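Examination of the molecular architecture
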Amino acid sequence: MTRDLKALAVHLFTATGAIFAMLAMLAAVQEEWGLMYVWLVVAFVVDGIDGPLARRYDVKRYAKQIDGVLMDLIIDYLTYVFIPAYALFKSGLLPGWTGWIAIIVITYASAVYFADSRMKTKDNSFAGFPGCWNMVVVVLFATAPNFWITLVLVIALAIAMFTPLKFIHPARTVRWRTLSLPVAVAWTGFAGWAAWFDFAPGLWAHWGLVITSVYLLFAGIVQQIVPPRGSPRSA
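The structure reproduced in this document is the subject of the present report.

One recurring pattern in soluble globular proteins: nonpolar side chains tend to sit buried together. Core analysis: the biggest nonpolar cluster contains 60 residues, and Met-36, Tyr-37, Leu-88, Phe-129, Trp-133 and Phe-199 have the highest contact counts within it. The leading source of residues in this core is helix α6 (residues 133–143), at nine residues. Once you skip the residues sitting within four places of it in the chain, Trp-133 turns out to touch Tyr-37, Tyr-80, Val-81, Pro-84, Ile-106, Ser-110, Val-154, Leu-157, Ala-158 and Met-161. Grouped together as the second largest cluster of nonpolar side chains are five residues, Ala-7, Val-10, Val-59 and Ala-63 included.

What follows is the structure, encoded as structure tokens:
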């Protein structure tokens, strides 16, 4: 297989995320939340794999007729933002007016953030909360907190999207990657486990989701507070 075909194959692999997004949306319309999240986890795995493949096969050079970054952003908006926001609204976790506030805040703020060219930092982390609402909502499904807690969390994270707070990319942020990457893999396993059993109460996966989510949420902020050994203090 030529380099051009290999690069094109990576783009075609990325595009399968759109299929999984549609399958997740169909499940969400039927309020089959566990199945919805199974498909979202599959899409999450694709999203985690296609980036390294794109860099390995240099898609910007050998398949430049397709804008892989744009395609990835379109699929990410569906799977990270739009479908989770819909699920949060329809699930009953946020009743009445609180659900309307949440979906408006999530979809509007995320559209602005995804178009911001400053969303990446020099160390390949994210500047501001990266709009990973799929990761947030799955934890909310698993733990079902009081709706005020859910609403405050949604608003706080939406505000955090436009702050200088750093959030790691588990695969691309080099610092602590030997820990961050296994934690991200564990998070994916816990999310798939919880979804497969339709978020049944008492699953150990729920605790695993909470613990790994806390690490992924705060690791970048801790890195800002505690600079690398021998380096000047981070901004």
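Picking up where we left off.
Scanning all chains against the criterion turns up two salt bridges. We note a salt bridge from Asp-116 to Arg-118, for which the minimum N-O separation is 3.0 Å.

The next subject is helix α4 (residues 68–91). Between the first and last C-alpha of α4 there are 33 Å, a value that for 24 residues agrees with the 34 Å anticipated at 1.5 Å per step. Along its length, α4 reaches its greatest deviation from straightness, about 35°, at Leu-78. Here α4 has its buried residues at Gly-68, Met-71, Ile-75, Asp-76, Thr-79, Tyr-80, Val-81, Ile-83, Pro-84, Ala-85, Ala-87 and Leu-88. For α4, the capping residue at the N-terminal end is Asp-67, with a side-chain oxygen 3.2 Å from the backbone nitrogen of Val-69.

Criteria and cut-off values
Every chain is numbered independently, its residues counted from 1 as its sequence is written. With pLDDT at 70 or above as the cut-off, local features in this predicted model cover only qualifying residues; side-chain atom pairs require 80 or more to be listed or tallied, and sums for whole chains, interfaces and linings still use all residues. As a rule here, side-chain values come from all non-hydrogen atoms in the structure, and water together with hydrogens is ignored. Buried Ala, Val, Leu, Ile, Met, Phe, Trp, Tyr and Cys residues form a nonpolar core when they are joined through side-chain atoms within 4.5 Å. Type-normalised accessible area, obtained with a 1.4 Å probe on protein chains alone, sets the label of each residue: buried when under 20%, exposed when over 50%, and partly exposed for intermediate values. Helical segments are the DSSP runs of H or I of at least four residues, strand segments are the runs of E of at least two, and each set is numbered from the N terminus. Contact between two residues is taken to exist if any of their heavy atoms lie within 4.5 Å; hydrogens are not considered. Salt-bridge detection follows one rule: a side-chain nitrogen of Lys or Arg within 4 Å of a carboxyl oxygen of Asp or Glu. Helix span is expected to be 1.5 Å times the residue number reduced by one. One axis is fitted to the seven residues ending at the residue and one to the seven starting there. The bend at that residue is the angle between these axes. In the analysis that follows, any N or O atom pair within 3.5 Å is treated as a polar contact, provided that within protein one partner can donate a hydrogen and the other can accept it, and provided that, for residues neighboring in sequence, both atoms belong to side chains.

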